Amino acid sequence: MTAAPAVVGEPALVPGELRGYRQFHLLGDGLYPLVHRASGPWDGRQEEARCASGGDHSCPAADCRCGLYACYRPGSATVALGGANAVIAARGRCILGDRGFRAASARIEAVALPGSVRWRPGAASRIRRLLAERYPDTRVYGSTRRMLREHPPQDVRGLGIMPARDPSRGYRSAAAALWAGFVVAGYSLALLPRGTVAHAGARWWPLVVLVVVVWQAALIWLLGRLMAEQTPDHHGTAQAADPSAGS
Ligand SMILES: [Zn+2]
């Protein structure tokens, strides 16, 4: 792997593969990049970057935005709903950013089934068959959590990079738990005798209002933090890991 920082200088030569996290669109014939979907599904064994801007150069180029992108940490790279979370292993020329990189070549090490098919056994087994056929070397998981446990982030400090902590997945879990807790509490009230609820409401309404306000504030704060983590500039320069940049 060759690492070329955005600043001018000789690329550093580092042996090995660089692990990254990202999402794909899982369609009927393979795993497509979220942007530049027209470029088709990733190769089943080794995907090679092509310049989507039509540039006549080797990808990734420092003065272009091409290359196969991924983040060093799963956090914000794996929280959007709908996509298939994946772990990739990059090699060849890489341009390193603060949160992620763009690479010349990569393979898909592992992929997790998207939530939309996870609970539909028929669809899940059909997709597992497709993935086994198209991506024979890729491990397929039923849950992102398990995939991340078995494919943890690499320590990239040896490359001179200190990726910032990215608690996006924790924020999302906390927001979901808060929402679910409130919905369950609301339905529980409906099961109580009306007289009891009316009596308790008349007596405790200031507390009820306070709880609702705190709940709303906590939910808004969590969603705000989550959205801030998705902003490319949140941790400083991150063009190298901007999903809109590469494929
Ligand atoms: Zn290019």
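Residue numbers here run from 1 along each chain, matching the order of that chain's written sequence. Residue-level local features of this predicted model are given only where pLDDT is at least 70; pairs of side-chain atoms are given and counted only at 80 or more, and the full residue set underlies all totals for whole chains, interfaces and linings.

**Details of the packing of helix H4 (residues 168-191) against helix H5 (residues 194-230)**
The angle between two axes is taken between their N-to-C directions and runs from 0 to 180 degrees, where each axis is a line fitted to C-alpha atoms and a helix contributes only its stretch in contact. Note on conventions: DSSP H or I runs of at least 4 residues are helices, E runs of at least 2 residues are strands, and numbering of each starts at the N terminus. Where H4 contacts H5, the two axes come as close as 9 Å, and the packing angle between them is 160°. Between H4 and H5, the angle falls in the class roughly antiparallel. Where H4 crosses over H5, the two elements pack in a sense that is left-handed. Each of Ser 168, Tyr 171, Arg 172, Ala 174, Ala 175, Leu 178, Trp 179, Phe 182 and Leu 189 in H4 lies in contact with H5, whose residues at this interface are Val 197, Trp 215, Ala 218, Leu 219, Leu 222, Leu 223, Arg 225, Leu 226 and Glu 229. Angles are sorted into four bins: roughly parallel if under 35 degrees, roughly antiparallel if over 145, roughly perpendicular if 65 to 115, and oblique for all others. It is the rotation of the near helix from the far one that decides the hand of a crossing: anticlockwise by less than a right angle makes it left-handed, clockwise makes it right-handed. In this description, a residue-residue contact is defined by the distance between C-beta atoms placed from the backbone, which must lie within 7 Å.

**Observations concerning the nonpolar core**
In this usage, the nonpolar core is the set of buried Ala, Val, Leu, Ile, Met, Phe, Trp, Tyr and Cys residues whose C-beta atoms join them within 7 Å. Residues are called buried when their C-beta atom has 20 or more other C-beta atoms within 10 Å, exposed when it has 12 or fewer, and partly exposed otherwise; all C-beta atoms are positioned from the backbone. Ala 90 and Ala 103 are the most contacted members of the largest nonpolar core, which totals 40 residues. Listing elements by their share of this core, those giving two or more residues are strand S3 (18-27), strand S4 (30-33), strand S6 (68-71), strand S7 (84-96), strand S8 (100-112), helix H2 (121-134) and helix H3 (144-150). No other element matches S7, which puts nine residues into this core.

**Details of the environment of Asp 155**
Relative to the helices and strands, Asp 155 is located in the loop between H3 and H4. Spatially, the C-alpha atoms of Asp 155 and Ala 103 are 18 Å apart, while their sequence positions differ by 52 residues.

**Quick look at H4**
By this rule, a helix spans an expected 1.5 Å times one less than how many residues it contains. The terminal C-alpha atoms of H4, which comprises 24 residues, lie 35 Å apart, in line with the 34 Å expected from a rise of 1.5 Å per residue. Buried residues belonging to H4 abut H5.

**Quick word on the confidence of the model for the protein chain**
Interpretation of this model should avoid reading the predicted coordinates in detail wherever pLDDT is low. Summarising the model, the protein chain shows a mean pLDDT of 87, and 90% of its residues fall at 70 or more. pLDDT is defined as a per-residue confidence score from the predictor, taking values between 0 and 100. Here strand S1 (residues 2-3) stands out as the element of the protein chain with the lowest mean pLDDT, 50, in contrast to strand S9 (residues 139-141), whose mean of 97 is the highest.

**Quick look at the environment of Met 227**
Topologically, Met 227 is positioned in helix H5. It is 34 Å that separates the C-alpha atoms of Met 227 and Pro 11, two residues lying 216 residues apart in sequence.

**As for unusual backbone geometry**
That bond from Cys 59 to Pro 60 is cis: its omega, -10°, falls within 30 degrees of zero. Within the element layout of this structure, Pro 60 appears in the loop between strand S5 (47-48) and S6. The phi angle at His 36 is positive, at roughly 55°, despite the residue not being glycine. Within the element layout of this structure, His 36 appears in the loop between S4 and S5.

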